[in-house]
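Geometric and topological summary
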Amino acid sequence: MKIPNPIGCRLRQQVRLALIGTSLAVTAPGAMAATITVNSSGDSSSADQCTLRDAIAAANQNEMVGACMAGDDANDTIQFGSGVAGATITLSGTALPTIVAGSTLTIGTQDSDSAGVTIDANSQSRIFTNQGNLTLNALTLINGATASGSNASADDRSGGAVLNDEGGTLIVNGGAMNNNSADRAGGAIEEASNPGGMDDDDDGSDDATDNVRVTLNDVSFSGNRAGANPGNGGAVHVTGNGDVVVDGGRFDSNVAAAEGGALWNFNGTTTVTGATFVANQANGTAADNGGGAIFLNGGSVTVDDSTFTNNSAGMADDDDNADNDSSASGGAIFVTTGAMLDVTNSVFRDNSAQRAGGVFEVLDGSMTTLTNVTAAGNNAGANPGNGGVLHVTGAGNVDVSGGVFARNTAVEGGAFWNNQGEMTLAGVSIVNNEATGGDATQGGGGIYAEGNDMGDSGTLTITDSRIAMNRASGTSGSGGGILVSPNATADISDTRITGNSAQRAGGGIENAGGMVTATNVTLGGTTRAQGNNAGSNPGNGGALHIGGTGSATFTMSSVGYNQAMEGGGFWNSPGGSLTVDNVTVSDNTAGTGAGIYQDGGDDQSVSGEGISLDYVSVVNNNGTGIDAGELQTPQDAYTITNSLIAGNDTNLGAGITAADGDGNVTGEASLLDGTYRLYGGPTPTQPLAMDSAALDTNADCGAMDTDQRGAQRPFNAVDPNNGTGDCDSGAFELTDDPVVQAVAISLGDTTVGSGDSEAVVLGVTLTNSSDDSVTVGGFSGYVDRDDMLPEGIAPGDIELTVYADSNDNAAYDMGSDMSVGTATLDDGYNFTVTFNGGAGQPVAAGASASYFIVANLADPAAEQPFTVGSTAGSAPATLASPPVFAGGGLLALFGLLSIGGVRRRTQYLLIAGALVLMLTACSDSDSDRKVNVTQPDNAMMGEGEATFVLSEINGTGTDLVIGDGLPITGPTVSFEAPAMDEDGPD
């Protein structure tokens, strides 16, 4: 698990340098080697001093040149004498001698007596041309410049500091390349060693990176520039099929006139690990220009554990002439047709484009995979400005697993914009993004799915995700969470869509004429703050708005606490189709059709299939439960069967009927038991009262049917109303599945043993009031993560253990020593802990049992103190042994509980605060290097906050156990982590 920290970063660099130093002592068996010492910082040959120019010539020729000793068997090292170390060698207008083919030469060492040399080409020539095997150690190469003009070859105009020419292999360890320039490409380095066909390989292996021609270890590139002819690869450009490895280092303020502000890849494989890209620019103006940091013209690029900040594609125009507007795309990375991009555990902040793709622009036929990526504060521009994080042109395919995407901005698709390809989002958090487009067809605060009428529209698939607090903020912006345009397809499952807002329509989802399928989806929540809002211009469809001939099918889902002017829950157009099965629509608010609304259109008729409701509970809505426009025959617009419409201000609008003979029940709130809430299963529902008229009202269900929660239908309840059927009306089937009352444990008196390397994140007491024992199969829930989203994290490294309270005192102490199950977080920060290998844990009849969810963390390596504050009334405590692993290990909590004078309640808050620091890594608005732990009463997660949530009590096998009182949320913890610049924490 990657948690950035300064000690880890320094240690990683030290380890790399140590390995590099070790490698210098290794030579090929039987090879001879000479060590040539440069003792002059001049550039002219001298009989009594050895210059770098003469040293290279001596190594090439295996003979003495000037005062430099002869090279030996083409395997030599050039070192710098103490009088040259730290000096600047200024070239006299021509490049240094070419390192000849077949030779092996190392220039510089990591020894402090001979490192730190700067070579300045004075903007008159390139510095190195390599055709052999060249290693550069701790050198700074500045002001290199290529030839220019129509008479110069492509090689002559590429690689301002280094041309890795045909047959060459280049290794650079440490050092820097600054302010170099190329007329064509590769402001600092041009990799042109392997210009042959795709089969031109150096060893015949099938390894994707066996053809490495350039290796860059902890090298800094700053201020390098690729000119306008064409202007690709501000720092590094690859021509041909050579592979490049980048391990660590920094790319800062490099500029390409067209593409790839830092790196430009062709047909080879470029691998980037642990690198930082800051303020690089690709200033092309065409739609296929861009890639502020990296441009993939082909081949593949793999990025891991890296940070991209303030990179940009295109420049904003100073005049009002739209013809001059840049259309550059991909603020950080541009992926062209046929290329492959794989990004893991990396962070993208404040990158920008002029046309599309604030971070990523991907083209037709490409494949992009993002795993556990954090993207925050990126901007897609305004020309037209699509995809604050990622934009797809054509049929590019995108697979996103885990990660958090927040506070990104675009005209359409605040985070993601899909076109004709397959886009899969699994386990992602898309939070607090904004789409600013003002037209009715624009919006998609979180996601925009484009479609067309040519039959090749793309497919958007979303699973196990959270889409929350996004906004379609333009005057007529639609689809606060998601906008599905005509002919596009969206398939959504096991996802929470909460707290999103629009100005015109579709607070949660705008279906403007596409096809939407939703299963086990929560639209809104169980509080007003979690509801989606459609706005007021005109404000239709708080949860879902269907326009045109769009169609939507919702099953096993919930729609609660959403708001609109019309259709607080669902709004369907005259030409649309809405099919709803086993869904609860509750506590929504609208002036017309608070639960469900069918529009009649200008001609007062419905041309589409209208609305079909089967086993739907429309309950407790603030307004009319089901309503319609002034239709000539409104009953034709609805098919309502086996449904419950009860407890709404008005159940049915004028002309709408829900016939008893079709298994429907209408009535008062007395038919219901308590409030709309989680009551078994993954989505909220509305339980029925024991004497409800909705019990056993129909026989229209088979032995394999279930209700919204997954409870088996039919169940023949003890029915005081003597219903004629076996199944209950609505989405809820009253069964004899066991119920346990779930109550959060106040951990104020919790005692935690000194030296524990674990954190209590939630406690719950389950009470079984029945006469029979209940077997609890496990717990399921999720983590609502911080919206500040600093560094990437591997959630699979966080192991959760559930402990039973064996001494039954509702406190986590020495009696809470019985583990009943463990699990790890998945990429979406969801968890399911199975008890006792599937056998479950019994709660005796009439008894209670308490459980604690604990994050088990590795032992720490104490490195550096930091300060933690708390709200328990005691002064902040300075931890002498902070929970940090150097090099990106898991943040641990060892030593946290042994702070003298801190009360037990404070101890718990410190644990929770440190855990959330682990989950979010780095975020400090005022750079005060403090972690401030509080418990604000926020209904929704805000910036700098995270909580563990228990959402479901599981049974064993297919049995259902109902946890009444869920969800239970651990303390909301707000924090600030260590100060961070573009490199990571300082």
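Residues numbered from 1 in each chain as written. Predicted model: local features only at pLDDT ≥ 70, side-chain atom pairs only at ≥ 80, totals over all residues. Heavy atoms only, no water.

You'll find the chain entered in an unreviewed UniProt entry as Extracellular nuclease protein, with Salinisphaera shabanensis E1L3A given as the organism.

Let's shift gears to unusual backbone geometry. The step from Asn 229 to Pro 230 runs through a cis peptide bond, and the omega angle for that step is 5°. Structurally, the position occupied by Pro 230 is in the loop between β16 (225-226) and β17 (236-240). Omega for the bond connecting Asn 383 with Pro 384 falls within 30 degrees of zero, at 5°, which places this linkage in the cis form. With respect to the helices, strands and loops of the structure, Pro 384 is situated in the loop between β35 (374-376) and β36 (390-392). Although it is not a glycine, Ser 253 adopts a positive phi angle of roughly 60°. Structurally, Ser 253 is set in the loop between β19 (250-252) and β20 (255-256). (Helix = DSSP H or I, 4+ residues; strand = E, 2+ residues; numbered from the N terminus.)

So, on to the nonpolar core. Counting 122 residues, the largest nonpolar core has Ile 107 and Phe 128 as the members making the most contacts within it. Tallying contributions element by element places helix α2 (residues 52-61) first for this core, with six residues. Sequence-distant contacts of Ile 107, that is, excluding residues within four places in its chain, are made with Leu 52, Ile 56, Ile 78, Phe 80, Phe 128, Leu 134, Thr 135, Leu 136, Asn 137 and Leu 139. (Core = buried A, V, L, I, M, F, W, Y, C linked by side-chain atoms within 4.5 Å. Buried < 20%, exposed > 50% of the residue type's maximum accessible area, 1.4 Å probe, protein only. Contact = heavy atoms within 4.5 Å.)

To continue, consider a negative patch on the surface. Taken together, the side chains of Asp 464, Asp 494, Asp 826 and Asp 827 present a region of like negative charge at the surface. By the secondary structure assignment, Asp 827 is in the loop between β69 (818-824) and β70 (830-834). (Patch = residues over 30% accessible without salt bridge, like charges linked within 9 Å, V, L, I, M, F, W, Y side chains within 5 Å. Areas by Shrake-Rupley, 256 points an atom, 1.4 Å probe, with all protein chains shown as cover. Salt bridge = Lys/Arg side-chain N within 4 Å of Asp/Glu carboxyl O. Lys, Arg positive; Asp, Glu negative; His and termini not counted. Charge placed at Lys NZ, Arg CZ, Asp CG, Glu CD.)

The subject of this paragraph is the pairing of strand β45 (residues 459-463). Here β45 shows a buried face lined by Leu 460 and Ile 462 and an unburied face lined by Thr 459, Thr 461 and Thr 463. Pairing between strand β41 (residues 422-426) and β45: five bridges, direction parallel. By the bridge assignment for β45, Met 423 is matched with Leu 460. Relative to strand β49 (residues 489-498), β45 is paired through five bridges, and the arrangement is parallel. When the sheet's bridge partners are listed, Thr 459 is paired in β49 with Thr 489. (Pairing = 2+ DSSP bridges.)

Scanning the entire structure with this criterion turns up two disulfides. The disulfide bridge from Cys 50 ends at Cys 68, spanning 1.8 Å between sulfur atoms. Its S-S torsion of approximately 105° makes the covalent link between Cys 50 and Cys 68 right-handed. Note that Cys 50 is positioned in the loop between β1 (34-38) and α2 and Cys 68 in the loop between α2 and β2 (75-80), a separation of 18 residues in sequence. Across a sulfur-sulfur distance of 1.4 Å, Cys 701 and Cys 727 are joined as a disulfide pair. Placement of the pair is Cys 701 in the loop between β63 (665-667) and β64 (739-744) and Cys 727 in the loop between β63 and β64, with a sequence separation of 26 residues. Cys 727 shares its class with Cys 701; the two are buried. Described in terms of the sequence order of its bonded cysteines, the disulfide pattern of the chain is 1-2, 3-4. (Disulfide = S-S within 2.5 Å.)

Judged by pairing direction, the sheet is parallel, and its four strands sit side by side in the order β39-β43-β47-β50 without closing on themselves. Of all the strands in the sheet, just β39 (409-410) and β50 (501-502) have a single pairing partner and so form its edges.

Moving on to the pairing of strand β5 (residues 117-120). Of the two faces of β5, the one holding Val 117 and Ile 119 and the one holding Thr 118 and Asp 120 are both buried throughout. The pairing of strand β3 (residues 88-90) with β5 spans three bridges and is parallel. Within β5, the residue paired with Thr 88 across the bridge is Thr 118. By the bridge criterion, four bridges tie β5 to strand β8 (residues 139-142) in an arrangement that is parallel. Bridging from a neighbouring strand, Thr 118 pairs with Thr 140 of β8.

Turning next to the side chain of Ser 850. With respect to the helices and strands, Ser 850 occurs in strand β72 (residues 848-856). A polar contact is formed between the side chain of Ser 850 and the side chain of Thr 765, at a distance of 2.8 Å. Leaving out residues up to four positions away in the same chain, Ser 850 has contacts with Ile 745, Val 764, Thr 765, Tyr 803, Ala 804, Asp 805 and Ala 810. (Polar contact = N/O pair within 3.5 Å; in protein donor to acceptor, adjacent residues only side chain to side chain.)

Our next topic: the environment of Trp 417. Looking at the element boundaries, Trp 417 is found in strand β40 (residues 416-418). Along the primary structure Trp 417 and Gly 446 are separated by 29 residues, whereas in three dimensions their C-alpha atoms are 8.9 Å apart. Setting aside residues up to four positions removed in sequence, Trp 417 forms contacts with Asn 386, Gly 387, Leu 390, His 391, Val 392, Glu 412, Met 423, Tyr 448 and Glu 450. Engagement of the side chain of Trp 417 in a polar contact is seen with the side chain of Glu 412, the distance being 3.0 Å.

Attention now goes to the side chain of Thr 522. Here Thr 522 shows up in strand β52 (residues 515-524). Excluding its chain neighbours within four sequence positions, the residues that come into contact with Thr 522 are Thr 495, Arg 496, Ile 497, Ser 558, Pro 682, Thr 683 and Pro 684.

Below, the discussion takes up the sheet that holds strand β32 (residues 352-353). Taking strand neighbours across the sheet as the criterion, the six strands line up as β12-β16-β20-β24-β28-β32 in an open arrangement whose pairing is parallel. Each having just a single partner strand, β12 (181-182) and β32 make up the two edges of the open sheet. Two elements, β16 and β20, share two bridges in a ladder whose sense is parallel. By the bridge assignment for β20, Ala 226 is matched with Ala 256.

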